[in-house]
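For reference, the chains in residue letters:
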Amino acid sequence: MSSVICGSLAFDTIMSFEGRFAEQILPDQLHILNVSFLVPALRREFGGCAGNIAYSLKQLGGSPLPMATVGSDGADYLARMRTQGICTEFVREVADLYTAQAMIMTDRDNNQITAFHPGAMMQAHVSRIEARSDIRLGMISPDGREAMLQHAEQFKAAGIPFVFDPGQGLPMFDGAELAHFVDLASWVTVNDYEARMLCDRTGLSCAELSRRVQGLVVTMGAEGCEVWIDGEKTLVPPVKAAVVVDPTGCGDAFRGALLFGLEQGWSLHRCAALGNRVGALKIASRGGQNYTVDFAEAGV
């Protein structure tokens, strides 16, 4: 069984700020904001939601099929995925654009500020989802606006159940569009901030949203996650990380584990518990795709 993961492939430039953002930004001066952060540590990583989720799913033994676009500078990314055994059949190269780029700055409290250039990602809607016997699941993660809209409709038309994971793409859509995504999806996963925005824009509570899908998962970082099914909430406890190094890609690691569990036919609670464990493993390494899964530790 394979899972199509629609979303971005990106190069992440990750910077570490040794102070706290809150100490550098004056709340009463936001209208004339002009700040500079000294970042002694800088590195470049392979990232993007589709890439990170596919990496997590592959680490667990799943079969990811990322559907994404890269630019003229994307050859190294494609080669790396192939070396890892990740199929690039649905990854398109766009010659006259750059691969998406994310500039991520993390402070000492693991707060993050991100600037994102979409580049080739804005052509992602050109790729189409079709029914195929080996494709059983899908995921809509942050991508170009038109791609997210069209791929959700295409998953539904193809009879492929999918997870709606709007992430940082959520603000692109109004309440009616978000409610339509929910109605097309089989599952929804958001973090706690995104859950509040989703509820605010749709006018629906988490309980009401969960009644429109098979399940809603709200991740809360170190606090674990909530699983909502048919209006009922269950708290899935967190897993303490051995060490906290870098939060970049933790949500994507969780979502790869969620897809793996769904591929196995597990309950949503069991999927979420695995997601918490894999997220705790990921946060102990830098970047979104440099960790390895210890199967005994992850409880697979």
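Counting of residues starts from 1 at the beginning of each chain's written sequence and follows it residue by residue. For a predicted model such as this one, the threshold for reporting local features is a pLDDT of at least 70, and the threshold for listing and counting side-chain atom pairs is 80 or more; totals across whole chains, interfaces and linings nevertheless cover every residue. As a rule here, side-chain values come from all non-hydrogen atoms in the structure, and water together with hydrogens is ignored.

This brings us to the side chain of S127. Strands here mean DSSP runs of E at least two residues long; helices mean DSSP runs of H or I at least four residues long; both are numbered from the N terminus. Along the chain, S127 falls in the loop between β7 (112-117) and β8 (135-140). When a residue's accessible area, from a 1.4 Å probe over protein chains only, is under 20% of the maximum for its type it is buried; when over 50% it is exposed; and in between it is partly exposed. S127 sits in the buried class, given a relative accessible area of 9%. Any two residues having at least one pair of non-hydrogen atoms within 4.5 Å are treated as being in contact. Contacts of S127, omitting those with residues within four sequence positions, involve M67, F90, R92, H151 and Q154.

Take the pattern of salt bridges next. Salt bridges are counted wherever a side-chain nitrogen of Lys or Arg sits within 4 Å of a carboxyl oxygen of Asp or Glu. This model, assessed by the stated rule, comprises 11 salt bridges. Among the ionic pairs, R255 bridges to D165, the shortest N-O distance being 2.8 Å. Taken together, the positions of R255 in helix α8 (residues 250-264) and D165 in the loop between β9 (162-164) and α5 (175-184) put the pair 90 residues apart, joining distant regions of the chain. The two residues R255 and D165 agree in class, both being buried. Through salt bridges with shared partners, a single network forms among R20, E23 and D109.

Two strands form a pair only when DSSP identifies at least two bridges running between them. Note: strand β6 (residues 100-106) against β7, six bridges, orientation antiparallel. For I104, the partnering residue across the bridge sits in β7 and is T114. Linking two consecutive strands that pair antiparallel, namely β6 and β7, is a turn of five residues; a positive phi of about 65° is found at N110 within it.

Okay, the sheet that holds β8 next. If you trace the nine strands from one edge of the open sheet to the other, you get β5-β4-β1-β8-β9-β10-β11-β12-β13, paired in mixed fashion. Looking at strand neighbours, the two that pair on one side only are β5 (91-93) and β13 (232-236), the edges of this open sheet. Neighbour to neighbour, the strand axes of the sheet diverge by 20° on average, direction disregarded. Both strand β11 (residues 215-219) and strand β12 (residues 225-229) contribute to a ladder of four bridges, which runs antiparallel. Fitted lines through C-alpha atoms give the axes, limited to the stretch in contact for helices. The angle between two N-to-C directions lies from 0 to 180 degrees.

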